[in-house]
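Listed below are the residues making up each chain.
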Amino acid sequence: AALRRWSSRSVVRTVKPRIHLLHGIHTSRGSRRLAGLQSAVTRATGMPVVYHEYGNIWAIQTRWKNPGIADRLAKLVQHGDVMVGHSNGACVSVRAIMLGAPAIGLVILNGALQDNFDFSKLTPNLKFIHVYYNDDDDAVPWAQRSPHWLTDPLWGDMGRDGFKGSDTRVVQTDCWNQ
């Protein structure tokens, strides 16, 4: 009888908020460096970390693959979760939030994103955006030389230059000058 009275409206989230970690391109399956990062983030935050591996893709594949990866990711994010993306992983995270992923936080590590990206396009439920960048982001010059019709149209210089727009939710750190 209890099972018949159950409805989706009575479900309360019992899972602790999680951190969704996404890698950049050219990352091999089972990377030790990312496994170490996952472990360090779990220890530092006390939050469970879900590492999403989408495979080793090339820059020219991002235009076509990123939307599908973001769609699959958006369906896994729950309210209260935080998304952490490195390079292309930041781009995928932003796309997932644009598709309705109910994250409350976004951490961008050397993001392959336009440095003037309009974060107001993202949900107001997103409470904070942390951007980490440095002058030594070697991928930016390569991305600038590639025809933009080949890569994800959201790609840009944020990983090297930081965020150049204005959004009160953004806190950024220049890791080169620390």
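Residues numbered from 1 in each chain as written. Predicted model: local features only at pLDDT ≥ 70, side-chain atom pairs only at ≥ 80, totals over all residues. Heavy atoms only, no water.

## A word on the confidence of the model for the protein chain
1) Next: Per-residue confidence for the protein chain averages 85 on the pLDDT scale, and 84% of its residues sit at or above 70.
2) Next: With pLDDT under 50 throughout, residues 1–13 is counted as low confidence; its partners more than four residues away or in other chains account for 5 contacts. (pLDDT = per-residue confidence, 0-100. Contact = heavy atoms within 4.5 Å.)

## Comments concerning the packing of aromatic side chains
1) Next: Inspection of every chain in the model, using the stated rule, returns 2 aromatic pairs.
2) Next: Ring centres of Phe-117 and Phe-119 lie 5.1 Å apart, and the angle between their planes is 70°; on these two criteria the pair is classed as edge-to-face. Of the two residues examined, Phe-117 and Phe-119, each falls in the buried class.
3) Next: Relative to Phe-163, the ring of Phe-119 lies with its centre 5.0 Å away and its plane at 55°, an arrangement referred to as tilted. Within this pair, whereas Phe-119 is found in the loop between β4 (105–109) and β5 (128–133), its partner Phe-163 is found in the loop between α6 (158–161) and β6 (170–174), the two being separated by 44 residues in sequence. With respect to class, Phe-119 is no different from Phe-163; both count as buried.
4) Next: Among the aromatic residues, those joined into a cluster by ring pairs are Phe-117, Phe-119 and Phe-163. (Phe/Tyr/Trp six-rings, centres within 6.5 Å; stacked < 30°, edge-to-face > 60°. Buried < 20%, exposed > 50% of the residue type's maximum accessible area, 1.4 Å probe, protein only. Helix = DSSP H or I, 4+ residues; strand = E, 2+ residues; numbered from the N terminus.)

## Some words on the packing of helix α3 (residues 62–74) against helix α4 (residues 88–98)
1) Next: Between α3 and α4, whose axes approach to 8 Å, the crossing angle comes to 55°. Here α3 lies oblique to α4, going by the angle between them. At the point where α3 passes α4, the crossing takes the right-handed sense. Note on element contacts: α4 touches α3 through Asn-88, Cys-91, Val-92, Ser-93, Arg-95 and Ala-96, opposite Thr-62, Asn-66, Pro-67, Ile-69, Ala-70, Leu-73 and Ala-74.
2) Next: When its residues are assigned to classes, the contact of α3 with α4 shows 8 nonpolar, 4 polar and 1 charged. (Axes fitted to C-alpha atoms, helices over the stretch in contact; angles between N-to-C directions. Parallel < 35°, antiparallel > 145°, perpendicular 65-115°, else oblique. Left-handed = near helix turned anticlockwise from the far one by under 90°. Nonpolar A, V, L, I, M, F, W, Y, C, P; charged D, E, K, R; others polar.)

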